[in-house]
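Remarks on the overall topology
Take a look at the letters that make up each chain.
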Amino acid sequence: MKKNLKYNLIWLALACVIYFGLFALYNGGFITIFTDAIIVNIGINVILAVSLNLIIGFSGQLSLGHAGFMAIGAYAAAILTQDNPTYLAFALSLVGGMLISGFIALIVGVPTLRLKGDYLAIATLGVSEIIRILIVNFDELTNGPSGIFGIPQFSNWQVVFIFMVLAILLVSNYIHSGDGRATLAVREDEIAAEAMGVNTAKYKVTAFVLGAMLASLAGSLYATYQQSVFPNDYDFMKSIDILIIVVFGGIGSTTGAIVAAGVLGFLNMYLQDFGSLRMIIYALAIIVIMIFKPSGLLGTWEFSIKRIIDKFSKKGDDQDASINS
Amino acid sequence: MELMIQQLVNGLFLGSIYALMALGYTMVYGIINLINFAHGEIYMIGSFIGYFLIQSFNTWQVLPNAWGFFAALAISMVVSAFLGVVIEFLAYRPLRKSTRISSLITAIGVSYLLQNVMIYFFSPDSRPYPQSIARKTYSLGVIDISNIQLLILVVSVTLMILLQVIIKKTKMGKAMRAVSVDNDAAQLMGINVNRTISFTFALGSALAAAGGMLIGLYYNSIDPMMGVAPGLKSFVAAVLGGIGIIPGAALGGFVIGLIETMATVFGFSDYKDALVYLVLIIILLVRPAGILGKNIKEKV
């Protein structure tokens, strides 16, 4: 416990360093509105990628419906805060969106997670499209295809940063818990896990629901940063964008998801100068990276402070050391 | 009632286009387990090739009539088949041994690439399709059928029958069936797996191009993003019928077409896409392998 405390403190310090680094950049006037948008986008993409990675990378279920859950969060925030712009309403909308998303994920997940492989992908794709079509057609509540404008701006880069750190903490702690190891077992070999007495359905559904709730959180943050929501922002392409980040970083690596969100965010920023060639270059980059590095940037590698410290201090009581030597 | 019969007939025509595309999806999935997201883009490019061909036929005054359309259809199918083979060779073949999800991402990348190349060179605007076959409407008692609808049905059913003949009767078809059952065993039996997969892509792409040209003629407008929605829906059709099963894809296509038009009859036209996905989810829950699919127990 004491040992873990040390590493947790180091992680906390690292988060603080990044936070104050950004803080200094903002106060020093190095950040324009444009780069601010990029930074916030990267933060939101990190939350999305980490949560989708929980579903795809750690529990091994291909889900193509992340945008649908994001849309629920975005619309929950938009609808609740446009009339009463208080922080209470904002907090309520975060929680409310997450609860609705979690509930829908549960309803969808329990029956569909019995399906193998690509069928789940198609079912989740269907669900997210159904959510989007319902949003387009419920005019009184959602203002239909024209979306909602003038949402008060609650989330800025600081709010996004804090939630990003919380999301990363939540996912990486979950993966290292007993439940998380069971989830990994299901990913590796479902039949073997079941034979060992792991309740496979339970862990798959848990990962799916958790991922959906985090997606909804990211959606709420995005909507209250952009101050507007449009149903077409949450279509199939959005799910694919998040999937690309996850696969680009390496399926099953939280570090990879974070790095990929950053790299793709900056790539997007520099590609703005290319105008209409931007998407062509982006598409080519995806194809080339997938052909030459199909396992993604980092594979399943994880950045670990514990490992680095152990390496330098060369402690004898390290578990891995005894295995390697 | 009349409206309902009319819409049933319309659904049949629309469904035959979905069926044409679903065949391509199902063949590729059956043979290399890849959801070929670029299939909808082949459909779009097929209709663009047809568009430019018919336009040039008209300007040079060669074949400025129905024969021009058929000539363009044939050329577009051949060129798209070639394009399908090239895409398979450059993008999918290097990934044959890696995980399915990275092939999936590559397919999505190819689909983005094709869309954006077309947008870059030919603008994102939709353009009117040259009507080289004049639309005539025949009234058959309670329903109206146009000659274009008949053409769609005849061309697509002919192509489907042709495909079935190729798969059941030719040596290549036999090889395709063998590879889809067991890739390695087929290779041991002396089947050239790479050539068989290329052939599958060629067939599927040719069918998609035909579908794209027919839809251009039917709706009279094409644009670089036209492949996205039909691409998804025809994939849904393939899953609905039982992915990997050729008659299932055709059936799924017709079912989707009918659901869409029936939704319009009952006043749910805004919800027709949602309805398609809802039916898909229900089918997946009741019969996970699709309507015609067989449930195979996973071996330990």
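This text follows the structure it describes.
Our subject in this report is the structure included herewith. Only a predicted model underlies this, so the values are computations on that prediction, with no experimental measurement involved.

The next thing to look at is a positive patch on the surface. Residue and element names in this part refer to chain B. A grouping of Lys 168, Lys 171, Lys 174 and Arg 177 is seen on the molecular surface, where their side chains present a positively charged patch. It is helix 6 (residues 171–181) that provides the largest number of residues to the positive patch, a total of three residues. For Lys 168, the location among the structural elements is in helix 5 (residues 147–169).

Looking now at the interface of chain A and chain B. By convention, interface size is frequently given as the accessible area that disappears when the constituent parts associate. Every contact between the two is made by 42 residues of chain A and, on the other side, 44 residues of chain B. Of the roughly 3700 Å² buried where chain A meets chain B, counting both sides, 82% is carbon and sulfur surface. Summed over the shared surface of chain A and chain B, the result is zero salt bridges. One can count two residue pairs in polar contact (both at pLDDT 80 or more) joining chain A with chain B. Breaking the side of chain A that touches chain B down by element, the ones donating at least two residues are helix 4 (87–112), helix 5 (118–137), helix 11 (236–249) and helix 13 (278–292) of chain A. Element by element, the count of residues in the side of chain A that touches chain B is highest for helix 5 of chain A, at twelve residues. Broken down by class, the residue content of the side of chain A that touches chain B amounts to 33 nonpolar, four polar and five charged.

What follows concerns the packing of aromatic side chains. Counted according to the given criterion, the structure contains 24 aromatic pairs over all chains. Ring centres of B:Tyr92 and B:Phe201 lie 5.6 Å apart, and the angle between their planes is 45 degrees; this geometry places the pair in the tilted category. Of this pair, B:Tyr92 sits in helix 3 (residues 66–92) while B:Phe201 is found in helix 8 (residues 193–219), placing the two residues 109 residues apart along the sequence. Given the relative accessible area of 4%, B:Tyr92 is considered buried. With a relative accessible area of 2%, B:Phe201 lands in the buried category. An aromatic cluster is built from A:Tyr19, A:Phe20, A:Phe23, A:Tyr26, A:Trp157 and A:Phe161, whose rings are joined through pairwise contacts. A cation over a ring is seen here: A:Lys238 above A:Tyr222, with NZ or CZ 5.6 Å from the ring centre.

The subject of this paragraph is a nonpolar patch on the surface. All names here are of chain A. Together, Trp 11, Leu 14, Ile 18, Trp 301, Phe 303, Ile 308 and Phe 312 line one region of the surface with nonpolar side chains, adding up to about 710 Å² of accessible area. Mapped onto the nonpolar patch, the elements with two or more residues apiece are helix 1 (2–27) and helix 14 (305–313). No other element matches helix 1, which puts three residues into the nonpolar patch. By secondary structure assignment, the location of Ile 18 is in helix 1.

With that settled, consider the pattern of salt bridges. Under the criterion given, the structure shown has seven salt bridges over all chains. Of the charged contacts in the structure, one is a salt bridge between A:Glu190 and A:Lys204, with a shortest N-O distance of 2.9 Å. With a gap of 14 residues between them, A:Glu190 in helix 9 (residues 190–195) and A:Lys204 in helix 10 (residues 200–226) connect regions that are remote in the sequence. With relative accessibility at 4%, the residue A:Lys204 sits in the buried group. With a shortest N-O distance of 3.1 Å, B:Arg93 and B:Glu88 are connected by a salt bridge.

What counts and how
Residues numbered from 1 in each chain as written. Chains lettered and ligands numbered in written order. Predicted model: local features only at pLDDT ≥ 70, side-chain atom pairs only at ≥ 80, totals over all residues. Heavy atoms only, no water. Patch = residues over 30% accessible without salt bridge, like charges linked within 9 Å, V, L, I, M, F, W, Y side chains within 5 Å. Areas by Shrake-Rupley, 256 points an atom, 1.4 Å probe, with all protein chains shown as cover. Salt bridge = Lys/Arg side-chain N within 4 Å of Asp/Glu carboxyl O. Lys, Arg positive; Asp, Glu negative; His and termini not counted. Charge placed at Lys NZ, Arg CZ, Asp CG, Glu CD. Helix = DSSP H or I, 4+ residues; strand = E, 2+ residues; numbered from the N terminus. Contact = heavy atoms within 4.5 Å. Buried area = accessible area lost by both parts, 1.4 Å probe. Polar contact = N/O pair within 3.5 Å; in protein donor to acceptor, adjacent residues only side chain to side chain. Nonpolar A, V, L, I, M, F, W, Y, C, P; charged D, E, K, R; others polar. Phe/Tyr/Trp six-rings, centres within 6.5 Å; stacked < 30°, edge-to-face > 60°. Buried < 20%, exposed > 50% of the residue type's maximum accessible area, 1.4 Å probe, protein only. Lys NZ or Arg CZ within 6 Å of the ring centre and 35° of its normal.

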